[in-house]
Amino acid sequence: RSIIGPAGPFSRDTRGMAIRAEILAPHRLVIASLSGRVDTDSVRHVIIQLKSRADFLWNFDRIVFVDGSTDFSRLDMAELAAIKGAVAQAYFAGPDAASAERPYYRLALVCGSVMEGIIAKMFTMVLETDAVPMIDLKVCRSAAQALAWLGRDTLAAEDVLKIAGR
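Residues numbered from 1 in each chain as written. Predicted model: local features only at pLDDT ≥ 70, side-chain atom pairs only at ≥ 80, totals over all residues. Heavy atoms only, no water.

**Remarks on the confidence of the model for the chain**
The cut-off we apply is this: Values of pLDDT, the confidence the predictor places in each residue, fall between 0 and 100. Going along the chain from the N terminus, every DSSP run of H or I of four or more residues is numbered as a helix, and every run of E of two or more is numbered as a strand. Contact criterion: two residues are considered in contact whenever any of their non-hydrogen atoms come within 4.5 Å of each other.
Confidence in the prediction of the chain, expressed as mean pLDDT, is 80, and 83% of residues score 70 or more. Per-residue pLDDT, averaged within each element of the chain, yields its smallest value for strand β1 (residues 10-14) (49) and its largest for helix α5 (residues 143-150) (96). Low confidence marks residues 1-7, where pLDDT is under 50. Its contacts with residues over four positions away, or in another chain, come to 15 contacts.

Written as structure tokens, this is what we have:
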């Protein structure tokens with residue numbers, strides 16, 4: 001039995017940032033892989049793409065794979081704050097979020113290099129400026145570690161890597 005959602009994966013190449021995402025609705029999970037340049041506009045395009053999918057709910061947990069070709073050079077603290085604002089406006093402004101407890105979902109950021117880890121730590125700092133963070137973020141070194149942290153041990157790391165195009 002396939003774990004890929006009925007609508008299948010979507011890919012988006014937006015001004016240099018490529019993302020491949022798969023929604024696993026039965027597991028309440030989004031698996032994404034990103035590469036290329038990351039900026040606020042690119043993230044907004046991805047948010048719109050996710051929100052347009054009938055099989056997506058705003059509070060699904062996420063695993064995001066970041067590779068060595070990902071360009072974080074345009075990200076500073078102001079840009080990270082703008083990305084946080086775009087996510088908050090898109091997902092957390094509605095009545096469902098108003099009645100939900102924080103954090104709203106968990107995000108496992110899977111990255112291998114030191115630089116990617118530094119960027120992830122910067123994003124964590126931005127998220128933690130709230131008294132109770134909107135998103136619980138953990139930097140992971142592997143798909144298996146991300147799945148364990150998210151409590152999705154029934155999924156095989158090899159399957160998740162294939163879905164992410166890794």
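**Quick word on the environment of A156**
Note the cut-off: Partly exposed residues are those whose accessible area sits between 20% and 50% of the maximum for their type, while under 20% is buried and over 50% is exposed, using a 1.4 Å probe and protein chains only.
For A156, the location among the structural elements is in the loop between α5 and α6 (157-163). Exposure remark for A156: the relative accessible area of 30% places this residue in the partly exposed category. Distance from A156 to A144, taken between C-alpha atoms, is 7.7 Å for residues 12 residues apart in sequence.

**Structural notes on the packing of aromatic side chains**
As a reminder, the rule being used: When the centres of two rings from Phe, Tyr and Trp lie within 6.5 Å, Trp using its six-membered ring, the rings pair. Their planes under 30 degrees apart give stacked, over 60 give edge-to-face, and anything left gives tilted. Whether a charge sits over a ring comes down to the Lys NZ or Arg CZ being within 6 Å of the ring centre and within 35 degrees of the ring normal.
Applying the stated criterion to the full structure yields 7 aromatic pairs. Plain terms: the ring middles of W58 and F92 are 6.0 Å apart, the flat faces sit at 75° to each other, and that makes the pair edge-to-face. Of this pair, W58 sits in the loop between α1 (40-51) and β4 (61-66) while F92 sits in the loop between α2 (77-91) and α3 (95-98), and the two are 34 residues apart along the sequence. Put simply, the rings of F56, W58, F60, Y91, F92, Y104 and Y105 touch in pairs and so form one group of aromatic residues. Positioned above the aromatic ring of Y105, the side-chain terminus of R62 is 3.6 Å from the ring centre. Against the face of W149 rests R106, its NZ or CZ located 5.8 Å from the ring centre.

**Quick notes on the pairing of β4**
Spelled out, the test is: A pair of strands is considered paired only if DSSP assigns at least 2 bridges between the two. Crossover handedness is defined by viewing with both strands directed away from the observer: a clockwise path from the first strand over the helix to the second marks the crossover as right-handed.
In terms of burial, β4 is a largely internal element, 6 of the 6 residues being buried. By the alternation rule, side chains of β4 split into D61, I63 and F65 and R62, V64 and V66, which are all buried. The sheet contact formed by strand β3 (residues 29-36) and β4 spans 6 bridges and is parallel. In the strand pairing of β4, V30 is matched with R62. Traced from β3 through α1 to β4, the parallel crossover comes out right-handed.

**Overview of the packing of α1 against α2**
Put simply, the rule is: Axis definition: a line fit to C-alpha positions, over the contact stretch in the case of helices; interaxial angles, taken between N-to-C directions, run 0 to 180 degrees. Should an angle fall under 35 degrees it is taken as roughly parallel, and over 145 as roughly antiparallel, whereas 65 to 115 is taken as roughly perpendicular and any remaining angle as oblique. In a left-handed crossing the near helix is turned counterclockwise from the far helix by less than a right angle, and in a right-handed crossing that turn is clockwise. Classification convention: Asp, Glu, Lys, Arg as charged; Ala, Val, Leu, Ile, Met, Phe, Trp, Tyr, Cys, Pro as nonpolar; all other residues, Gly among them, as polar.
Their axes nearest at 9 Å, the elements α1 and α2 cross at an angle of 20°. Between α1 and α2, the angle falls in the class roughly parallel. Crossing of α1 over α2 shows right-handed handedness. On α2, the residues that touch T40, V43, R44, I47, L50 and K51 of α1 are E79, A82, I83, A86, V87, A90 and Y91. Per-class residue counts for the contact of α1 with α2 are 9 nonpolar, 1 polar and 3 charged.

**With respect to α2**
Definition in use: By this rule, a helix spans an expected 1.5 Å times one less than how many residues it contains.
Under the 1.5 Å per step criterion, the end-to-end length of α2 is 21 Å for 15 residues, consistent within 8% with the ideal 21 Å. Residues of α2 that are buried include every one of L80, I83, K84, A86, V87, A88 and Y91, and no others.

**Structural notes on α1**
The condition is simple: Note that the arc is defined by the directions from the helix axis to the C-beta atoms.
Over its 12 residues, α1 runs 17 Å from end to end, which matches the ideal 16 Å to within 8%, given 1.5 Å per residue. Residues of α1 that are buried: T40, S42, V43, V46, I47 and L50. Around the axis of α1, the buried residues are gathered within 160° of arc, so they sit on the same side.

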